[in-house]
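# Architecture and fold: a report
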Amino acid sequence: QFQERQLKQVREALQGDVGRWAAGNYIVIEHAENEHSAYLHLRENSVRVNEGDVVRRGQHIADVGNTGDSYGAHLHFQVIDRPDLVRGRSLPFEFENIEVSLSEPGWFVQAVS
């Protein structure tokens, strides 16, 4: 089942939208002209916002999932300079009220109570 899904996604990616294949279900939010946040690998049918909606800090926009080029449920979050997942360049950002612990292969963050 997993291999079949991966093969289907690779075939789709090779036909055009590499960003969609890699990201799966995703949302990009514009904060300023050259600042966007991207939320990738969201669970299917869980997105709670529509294009053009104004979103607020803390709003539930979707559920964490395992879509796209993903090997387990997680949230891929990044801040980029344009809404293009393939051509967008990462921008620095800071979280508030978190603890960060390094665990290969990436960074994991957890809210501090």
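Here the structure is shown first, and the text comes after it.
Residues numbered from 1 in each chain as written. Predicted model: local features only at pLDDT ≥ 70, side-chain atom pairs only at ≥ 80, totals over all residues. Heavy atoms only, no water.

## Description of the nonpolar core
Core analysis: the biggest nonpolar cluster contains seven residues, these being Ile 27, Ile 29, Tyr 39, Leu 42, Val 49, Ile 61 and Ala 62. Every element with two or more residues in this core is listed here: strand E1 (25-32) and strand E2 (35-42). Excluding anything up to four places from it in sequence, Ile 61 contacts Ile 27, Ile 29, Tyr 39, Ser 46, Val 47, Arg 48, Val 49 and Val 55. (Core = buried A, V, L, I, M, F, W, Y, C linked by side-chain atoms within 4.5 Å. Buried < 20%, exposed > 50% of the residue type's maximum accessible area, 1.4 Å probe, protein only. Helix = DSSP H or I, 4+ residues; strand = E, 2+ residues; numbered from the N terminus. Contact = heavy atoms within 4.5 Å.)

## Concerning the pattern of salt bridges
Enumeration over the complete set of coordinates arrives at five salt bridges. Among the salt bridges present, the one from Glu 96 reaches Arg 57, with a minimum N-O distance of 2.8 Å. Pair noted here: Glu 96 is in the loop between strand E3 (76-80) and strand E4 (98-103) and Arg 57 is in the loop between E2 and E3, with a separation of 39 residues, a long-range link. The exposure class assigned to Glu 96 is exposed, which follows from its relative accessible area of 53%. The exposure class assigned to Arg 57 is exposed, which follows from its relative accessible area of 74%. (Salt bridge = Lys/Arg side-chain N within 4 Å of Asp/Glu carboxyl O.)

## Brief notes about the environment of Asn 45
Topologically, Asn 45 is positioned in the loop between E2 and E3. On the basis of relative accessible area, Asn 45 is assigned to the exposed category, the value being 82%. Sequence spacing of Asn 45 and Ala 62 is 17 residues, and the spatial spacing of their C-alpha atoms is 8.6 Å.

## Points about the side chain of Asn 25
On the secondary structure map, Asn 25 appears in strand E1. With residues near it in sequence (within four places) discarded, Asn 25 still touches Arg 20, Tyr 39, Leu 40, His 41, Leu 42, Arg 43, Glu 44 and Thr 67.

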